[in-house]
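# A structural walkthrough
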Amino acid sequence: MSGIDTALVIGGGIAGPVAATALRKAGIAARVYEAYPGPAFTIGSGLALAPNGVAALDVIGAGDAVRDIAVPVPRMSLSVGGRLLPAPSLPDQPPMQLVDRAELHRVLHERAVAAGVPVEFGKRLVAVDRTDAGVTARFADGSTATADVLVGADGIRSTVRALIDPEAPGPEFTGMLGFGATVECDIDTPAETIVFAYGKRAYYLYWPLGDGRIGWGANLPSAQYLSLTEARNVPAQRWLEILRDTYGADDPGGPLARATTPEQLEVTGALHIMPPVPRWYRDRMVLVGDAVHAPSNSSGQGASLAIESAIQLARCLRDIPDPRAAFASYEQLRRSRVERVAARAAKINHSKTPGPVARKMMQVIMPIMARTMNPEKMVGTEQRYRIDWEVHV
């Protein structure tokens with residue numbers, strides 16, 4: 001039986017509500033504190049949940065609700081210069097689920113509330129007071145909250161990470177800006193397939209939604225770093241001009257860009273990756289999700305790993321009464337897995353921004369890779385990962 005009764009969860013995105021729901025399931029009274037003034041149901045674009053991530057959501061009873069809002073995509077293809085190359089997959093695994101980030105936020109928030117998790121908005125963390133018996137969070141509005149432990153699920157620019165270790169590294173820019181849209185476009189797309197396309201000048205991806213619409217996303221190479229706010233301050237029409245110029249000669253990248261309207265374009269700004277974080281916890285504070293591990297979007301595992309970590313943290317706090325020992329066990333369970341995925345994603349990133357010569361070479365190399373890649377070796381370990389909640393740590 002846990003000696004930890006209460007928890008403060010800082011951040012209401014993806015990892016936060018999952019962690020709080022799992023902590024409640026473990027018998028720990030968790031509360032979520034979110035800096036935004038309300039639920040973030042209008043922020044973000046599409047993301048992929050791998051089979052392991054959806055299976056982790058089943059642990060807290062959220063898997064079916066997420067499947068209901070998702071588009072299952074059982075197959076993958078590569079496209080190099082418009083040439084489609086089927087990518088090997090794991091036929092015994094459930095399909096990848098493509099979800100709208102805002103809808104995922106909504107479902108996870110509603111599941112947390114249904115589980116009895118109180119959620120407070122407009123609570124921007126500024127400081128933490130620590131004692132041997134607990135932690136007190138101090139918020140920008142002057143309010144405070146006290147509990148046995150504090151979980152930092154506050155994203156890639158985590159305040160909690162800096163409180164745990166002022167020397168901790170911050171996120172690194174991948175050299176790409178993210179964009180997405182859902183459009184009506186008369187193009188020939190393989191059914192139930194997500195296509196990862198290496199265009200003449202930049203990388204993009206697209207997938208059919210099954211209702212005549214096409215979802216697509218762009219990873220636009222950029223020497224200039226732009227935050228989400230900075231990127232959204234640029235008029236959408238200007239971004240569309242850049243995207244149409246970049247992808248205009250690609251098939252179907254050009255038609256997709258030209259079919260996108262300013263109202264449809266979702267701007268997500270700089271794409272990041274987190275380098276390895278030396279300290280995952282300190283005293284009664286611990287990190288989870290993007291605050292401690294954020295592989296680039298190339299991994300296809302960012303959200304899934306955040307969900308897994310949130311649930312594994314709850315298991316450790318359920319089974320180990322000393323918070324420091326629980327956090328150490330949690331880190332031991334998670335660090336090697338998330339860093340292995342991040343390292344693989346970093347290699348993929350390099351292929352998205354090659355120079356002209358390297359891009360020419362890719363047209364020769366990628367077909368060979370598509371024929372010879374071993375999906376079991378590449379993603380088998382990642383996708384087959386399952387959490388057994390009933391087993392004690």
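Whatever comes next refers back to the structure up there.
One structure accompanies this document, and this report is about it. Source: prediction; values computed, not measured. In every chain, residue numbers begin from 1 and rise along the written sequence. With the structure being a predicted model, the display of local features is reserved for residues of pLDDT at least 70 and the display and counting of side-chain atom pairs for 80 or more, all residues being used for whole-chain, interface and lining totals. The side-chain numbers reported here are obtained from all heavy atoms of the structure, hydrogens and water having been left aside.

## So, the packing of aromatic side chains
This is how it is decided: Only the six-membered ring of Trp is used, alongside the rings of Phe and Tyr, when aromatic pairs are assigned; centres must lie within 6.5 Å, and planes under 30 degrees apart are stacked while those over 60 apart are edge-to-face, with the rest tilted. For helices the rule is a DSSP run of H or I covering at least 4 residues; for strands it is a run of E covering at least 2, with both sets numbered from the N terminus onward. Relative accessibility under 20% of the residue-type maximum defines a buried residue, over 50% an exposed one, and the middle range a partly exposed one, all with a 1.4 Å probe and only protein chains included.
One pass over the structure, following the stated rule, counts nine aromatic pairs. Ring centres 5.1 Å apart and planes at 20° place the aromatic pair Tyr33 and Phe139 in the stacked group. One end of the pair, Tyr33, is in strand E2 (residues 29-33); the other, Phe139, is in strand E10 (residues 135-139), with 106 residues separating them in the sequence. A relative accessible area of 4% places Phe139 in the buried class. Every member of this aromatic cluster is reached through a ring pair, and the members are Tyr204, Tyr206, Trp216 and Tyr247.

## What to know about the pairing of strand E15 (residues 203-208)
To keep it simple, the criterion reads: A pair of strands is treated as paired once DSSP finds two or more bridges between them.
For E15, the buried fraction is high: six of the six residues fall into the buried class. Residues Tyr203, Leu205 and Trp207 point to one face of E15 and Tyr204, Tyr206 and Pro208 to the other, with burial holding for every one of them. Where strand E14 (residues 193-198) meets E15, four bridges bridge the pair, whose relative direction is antiparallel. Across the sheet, residue Ala197 finds its bridge partner in E15, namely Tyr204. Between E14 and the antiparallel strand that follows it, E15, lie four residues. Relative to strand E16 (residues 213-221), E15 is paired through six bridges, and the arrangement is antiparallel. Within E16, the position partnered with Tyr203 by the bridge is Asn219. Hairpin connection of E15 to E16: four residues between the antiparallel strands, including Gly210 at a positive phi of 85°.

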